[in-house]
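The chain contents come next:
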Amino acid sequence: MPRRWVAAIACLLALVALACEGGGDSGSRPPRETPSPGASGGIAALGDSISTGFGSCLVLTSCQRNSWSTGDGLRVDSLYRRLLDRTPAIRGRAYNHARPGARAASLEGQAQQAVRDRVDHVTVLIGANDVCRGGIEAMTPVTRFRAEVDRGLRVLRQGRPKARVLVVSIPDLYRLWEVGHTDARAVRAWKRGVCPALLADPASTDPLDRARRAAVRERIDDYNAQLAAACKAYGSRCRYDGGAVHRVRFDLDLVNPLDWFHPNAAGQDRLADVAWRASGLAS
């Protein structure tokens, strides 16, 4: 193979890798500065793929620059960007410890990372994978979900007692089924295994399938009630969003056109706006 071809292919692969990592967006902010070892402040995101901006860059991978919580791109007016406008000293101090596939059991380890970051603001959005990881028999029991959330919050309370914690309700996934089960594109994507507890056989009217979806809807409500209770038990430094994110009426124009499940950039921006108003920081 001629050397010029090898060089061209290498350059192309480098550009693809850069785009997948989110560094190729000309609309994003400048590279984050490295904070000094003794610095404190900033924000950390704990949770699952929603907080990583998964699918919002039109590839099915995380795209943290579009995260509603810690994103630094221009397409989403994230909590970090709003805090940065008020406190320029936190530039570069946005940490995203959320992970695709994470369940409530992951919160403890993620919280430990946030403590090491010495942040003053923490967002928690967890629970979708506790519902979606398989069939309804695989959903995390409510009591275990609460215990795992408590463990994560306990790490934050002990390690960063003055940090402000925002616990966000789980989005209304049932609403997504309602608006998407008659859309052929969404149905095709969901057949690849997207949240099977809810979205398997999405067009079926069989009583068993209807009962399965109702069970998922009820479980999400139960999880949200436990998130609210866990935040209340934490104390005055924790604020629950009061179900604000769950009340967002997601339509298909707010999810990405690849899996028709995760929020696109517009959906992430909507989450950021709702979460910011619910956080009490807007006033």
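Residues numbered from 1 in each chain as written. Predicted model: local features only at pLDDT ≥ 70, side-chain atom pairs only at ≥ 80, totals over all residues. Heavy atoms only, no water.

Side note on the environment of Gly159
What counts here: Put simply, DSSP marks the helices as runs of H or I at least four residues long and the strands as runs of E at least two long, and each gets a number from the N terminus on. Partly exposed residues are those whose accessible area sits between 20% and 50% of the maximum for their type, while under 20% is buried and over 50% is exposed, using a 1.4 Å probe and protein chains only.
Its place among the elements puts Gly159 in helix H5 (residues 142-159). On the basis of relative accessible area, Gly159 is assigned to the partly exposed category, the value being 34%. Counting along the chain gives 48 residues from Gly159 to Ala111, while the straight-line C-alpha distance between them is 8.9 Å.

Topic: a positive patch on the surface
Selection criterion: Residues form patches when they are more than 30% accessible in relative terms and have no salt bridge. Like charges link within 9 Å. Nonpolar side chains (Val, Leu, Ile, Met, Phe, Trp, Tyr) link within 5 Å. To measure how exposed things are, a 1.4 Å probe is used in the Shrake-Rupley method; for residues, cover is taken only from the protein chains shown. The term salt bridge refers to a side-chain nitrogen of Lys or Arg lying within 4 Å of a carboxyl oxygen of Asp or Glu. Charge counting treats Lys and Arg as positive and Asp and Glu as negative, with His and both chain ends excluded. The location of each charge is read from NZ of Lys, CZ of Arg, CG of Asp or CD of Glu.
A grouping of Lys162, Arg164, Arg237 and Arg239 is seen on the molecular surface, where their side chains present a positively charged patch. Looking at the secondary structure, you find Arg239 in strand E5 (residues 238-240). Relative accessible area serves as the criterion here: at 42%, Arg239 is assigned to the partly exposed category.

Comments concerning unusual backbone geometry
Positive phi, normally seen in glycine, also occurs at Leu58, with a value near 65°. With respect to the helices, strands and loops of the structure, Leu58 is situated in the loop between strand E1 (43-47) and helix H2 (79-86). We note that Asp201 has phi near 45°; this positive angle belongs to a residue other than glycine.

Section: H2
Inclusion rule: For this analysis, residues touch if any pair of their heavy atoms sits within 4.5 Å.
Of all eight residues in H2, six are buried, a share of seventy percent or more. Those residues of H2 that are buried are in contact with E1, strand E2 (94-96), strand E3 (121-125), strand E4 (164-167) and helix H10 (265-279).

Looking at the confidence of the model for the protein chain
Our working rule: Confidence of the predictor at the level of single residues is captured by pLDDT, which takes values from 0 to 100.
Averaged over every residue, the pLDDT of the protein chain is 89; residues scoring 70 or more account for 86%. Confidence drops under pLDDT 50 across residues 1-38; counting only partners more than four residues distant or on other chains, this segment forms 34 contacts.

Some words on the state of the cysteines
Note the following rule: Defined by distance alone, a disulfide is two cysteine sulfur atoms within 2.5 Å.
For the coordinates displayed, the defined rule picks out three disulfides. One disulfide in the model links Cys231 with Cys238; its S-S distance is 2.1 Å. Here the disulfide of Cys231 and Cys238 is left-handed, its torsion about the S-S bond being about -120°. Counting its disulfide-bonded cysteines in sequence order, the protein chain shows a connectivity of 1-2, 3-4, 5-6.

Here we look at the pattern of salt bridges
Tallied over the full model, the rule gives eight salt bridges. For the salt bridge of Arg212 with Asp209, the shortest nitrogen-to-oxygen distance reads 2.9 Å. In this pair, Arg212 and Asp209 are both assigned in helix H9 (residues 207-234), three residues apart and thus about one turn of the helix distant. Residues Asp273 and Arg277 are paired through a salt bridge, measuring 3.0 Å at the closest nitrogen-oxygen approach. Note that Asp273 and Arg277 are positioned in helix H10 at a spacing of four residues, about one turn of the helix. The partly exposed category is assigned to Asp273, whose relative accessible area is 28%. Sharing partners across several salt bridges, the network here consists of Asp77, Arg82, Asp273 and Arg277.

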